[in-house]
Amino acid sequence: STATAPEDDAPNRYSRTERTTYSRYSRDANSSGSSLPSNTLEKRIEELERELAKERQENARLMKMAQDKEELIGKLKEEIDLLNR
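Structure report, in brief. Per chain, residues are indexed from 1 in the order of the written sequence. Since the coordinates come from a predicted model, pLDDT governs what is reported: local features require at least 70, and pairs of side-chain atoms require 80 or more to be given and counted, while whole-chain, interface and lining totals use all residues. To get the side-chain values, take all heavy atoms of the structure and skip hydrogens and water.

This part covers the overall build of the protein. Helix and strand labels come from DSSP, where a helix needs a run of H or I of at least four residues and a strand needs a run of E of at least two; each type is numbered from the N terminus. From N to C terminus, the protein includes two helices and zero strands. Put simply, the protein has 85 residues, and 8% of those count as buried. In the form shown here, the protein has an accessible surface area of approximately 7400 Å², with 52% of it arising from carbon and sulfur atoms. Only protein chains enter the accessibility calculation, which uses a 1.4 Å probe; a residue is then buried when its area is under 20% of its type maximum, exposed when over 50%, and partly exposed in between. Throughout, the Shrake-Rupley method with a 1.4 Å probe supplies accessible areas, and for residues the shown protein chains are the sole cover considered.

Our focus in this paragraph is helix H2 (residues 38–84). An ideal rise of 1.5 Å per residue puts 69 Å on 47 residues; H2 measures up with 68 Å between its terminal C-alpha atoms. Taken residue by residue, H2 has Leu41, Ile45, Arg56 and Ala60 as its buried positions. Working rule for helices: expected span equals 1.5 Å times residues minus one.

This is a description of form; function is not addressed.
Take a look at the structure:
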């Protein structure tokens, strides 16, 4: 995959939410007295973090595609206006 500017912004855009989610997850796991071993929870967290990273990358890719299409639409509208004159 190729790195683009929107993908570089993704961690900054989601860092607060990620911290909040992680804190809530950690607090819930600790308060519930979960019967799962902590290493199982850590593996699950790592798995979810990898999945989240993939989803963020896909989201950034789709947002870039949408932005590119919006720019193309704007250029085509300008061209239509010129042709109509």
